[in-house]
Amino acid sequence: REPHVRLQNLVLKSSGRVSVRGLVFAGVAALWLLFAAHSAFVQWHRARGAYYLEQTESTRADVLSGAFRERSYSPRHTNAVAAALQHFTLADRWGLVGVTEIKLGLAWCHLLEDDMPAAEANVRSAVAIRPDDAALQQNLLEILLAQGNRPAAIELLKKRVSSPTSPVADRFQLARLLAASERLEEA
């Protein structure tokens, strides 16, 4: 509204006319506001997805063992799974970069819907974001084993035990899987 507008040494408006610097400032401010609104949108969907995921009734052990298929759950559980999947999908689709928490939330939702390949794909995406995270690799290993995909689980464990900081438990688990696959020499 003022005929002269300055921001420190920058003249944004002079004699009622917006200067080039004023246009650049307005453009940068608009981009910043758009970025902040976008980030708020994505974070809101991430938080809502996590909220609804907490409302589900299945335990990790039941889902990974497949025991949840024989159980009946309340409509609240079914609605919570659908809502969590919807929110995490929106957060993943609109996010500018991959976020591990969102990928894991999507994976859990797919597990609850008994869609193991989609869950595996999301956990693999999470591992790609943070490849050195042992917990993410363990999640991938558990999904591979839940699918009965021993060869992929063996390859993952071989990669993990090649690291000098790998725990001894990984070597024992690799040996058990090799023995179960009748690869006794390697075990």
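A brief look at the structure comes next.

**Topic: the overall build of the protein**
Thought 1: What the protein contains, in helices and strands, is eight helices and three strands.
Thought 2: Reading the helices (α) and strands (β) of the protein from amino to carboxyl end gives β-β-β-α-α-α-α-α-α-α-α.
Thought 3: Its C-alpha atoms give the protein a radius of gyration of 25 Å, more than 25% over the compact-globule value 16 Å for 187 residues.
Thought 4: C-alpha atoms of the protein, sized along the principal axes, occupy 85 × 45 × 20 Å.
Thought 5: Per-residue burial for the protein yields a buried fraction of 35% across its 187 residues.
Thought 6: Residue pairs in contact within the protein that sit at least 24 positions apart in sequence constitute 48% of those at least 6 positions apart.
Thought 7: Taken as a whole, the protein presents about 11700 Å² of accessible surface, with 58% of it coming from carbon and sulfur.
Thought 8: Here the protein holds 22 positive side-chain charges and 19 negative ones, and the gap between their average locations is 12 Å.

**Description of the nonpolar core**
Thought 1: Ranked by size, the top nonpolar core spans 36 residues in total, and within it Leu 53, Phe 88, Leu 111 and Ile 143 carry the most contacts.
Thought 2: Contributions of two or more residues to this core are made by helix H1 (20-54), helix H2 (60-65), helix H3 (75-94), helix H4 (100-112), helix H5 (116-129), helix H6 (134-146), helix H7 (150-161) and helix H8 (168-180).
Thought 3: Sort the elements by how many residues they give to this core and H4 lands first, with seven residues.
Thought 4: Once residues lying within four places of it in the same chain are set aside, the contact partners of Leu 111 are Val 63, Leu 64, Phe 68, Met 116, Ala 119 and Ile 143.

**Here we look at a nonpolar patch on the surface**
Thought 1: A grouping of Leu 7, Leu 10 and Phe 25 is seen on the molecular surface, where their side chains present a nonpolar patch of about 250 Å² in accessible area.
Thought 2: With respect to the helices and strands, the residue Phe 25 is situated in helix H1.
Thought 3: Exposure remark for Phe 25: the relative accessible area of 40% places this residue in the partly exposed category.

**Observations regarding the pattern of salt bridges**
Thought 1: In the structure shown here, the tally under the stated rule is 10 salt bridges.
Thought 2: Here Arg 60 ties to Glu 142 by a salt bridge, and the two come within 2.4 Å at their closest N and O atoms. Of this pair, Arg 60 sits in helix H2 while Glu 142 sits in helix H6; the two residues are 82 residues apart in sequence, bridging distant segments of the chain.
Thought 3: Owing to a relative accessible area of 41%, Arg 60 belongs among the partly exposed residues under this scheme.
Thought 4: When the shortest N-O distance is used, the salt bridge between Asp 133 and Arg 130 registers 2.3 Å.
Thought 5: Judged by relative accessible area, which is 19%, Asp 133 ranks as buried.
Thought 6: A single network of salt bridges, built from pairs that share partners, joins Lys 158, Arg 183 and Glu 186.

**Structural notes on the sheet that holds strand E1 (residues 5-7)**
The pairing of strands in a sheet happens through backbone hydrogen bonds and is either parallel or antiparallel.
Thought 1: Read from one edge to the other, the open sheet built from three strands follows the order E1-E2-E3, with strand pairing classed as antiparallel. Each edge of the open sheet is held by one strand with a lone partner, namely E1 and strand E3 (17-18).
Thought 2: Strand direction decides the pairing type here: E1 and strand E2 (residues 10-14), joined by three bridges, are antiparallel. Bridging across to E2, Val 5 finds its partner in Lys 13.
Thought 3: Set on the sheet, H1 makes contact with E1, E2 and E3; between it and E2 the angle comes to about 105°.

**Considerations on the environment of Lys 13**
Thought 1: By the element assignment, Lys 13 lies in strand E2.
Thought 2: For the pair Lys 13 and Ala 169, spaced 156 residues apart in the sequence, the C-alpha separation amounts to 68 Å.
Thought 3: Setting aside chain neighbours within four positions, we find Lys 13 in contact with Arg 1, Glu 2, Pro 3, His 4, Val 5, Val 18 and Ser 19.
Thought 4: Among the polar contacts made by the side chain of Lys 13, one reaches the main-chain carbonyl oxygen of Glu 2 at a distance of 3.2 Å.

What counts and what doesn't
- Residues numbered from 1 in each chain as written.
- Predicted model: local features only at pLDDT ≥ 70, side-chain atom pairs only at ≥ 80, totals over all residues.
- Heavy atoms only, no water.
- Helix = DSSP H or I, 4+ residues; strand = E, 2+ residues; numbered from the N terminus.
- Rg over C-alpha atoms; globule rule 2.2 N^0.38 Å.
- Buried < 20%, exposed > 50% of the residue type's maximum accessible area, 1.4 Å probe, protein only.
- Contact = heavy atoms within 4.5 Å.
- Areas by Shrake-Rupley, 256 points an atom, 1.4 Å probe, with all protein chains shown as cover.
- Lys, Arg positive; Asp, Glu negative; His and termini not counted.
- Charge placed at Lys NZ, Arg CZ, Asp CG, Glu CD.
- Core = buried A, V, L, I, M, F, W, Y, C linked by side-chain atoms within 4.5 Å.
- Patch = residues over 30% accessible without salt bridge, like charges linked within 9 Å, V, L, I, M, F, W, Y side chains within 5 Å.
- Salt bridge = Lys/Arg side-chain N within 4 Å of Asp/Glu carboxyl O.
- Pairing = 2+ DSSP bridges.
- Axes fitted to C-alpha atoms, helices over the stretch in contact; angles between N-to-C directions.
- Polar contact = N/O pair within 3.5 Å; in protein donor to acceptor, adjacent residues only side chain to side chain.

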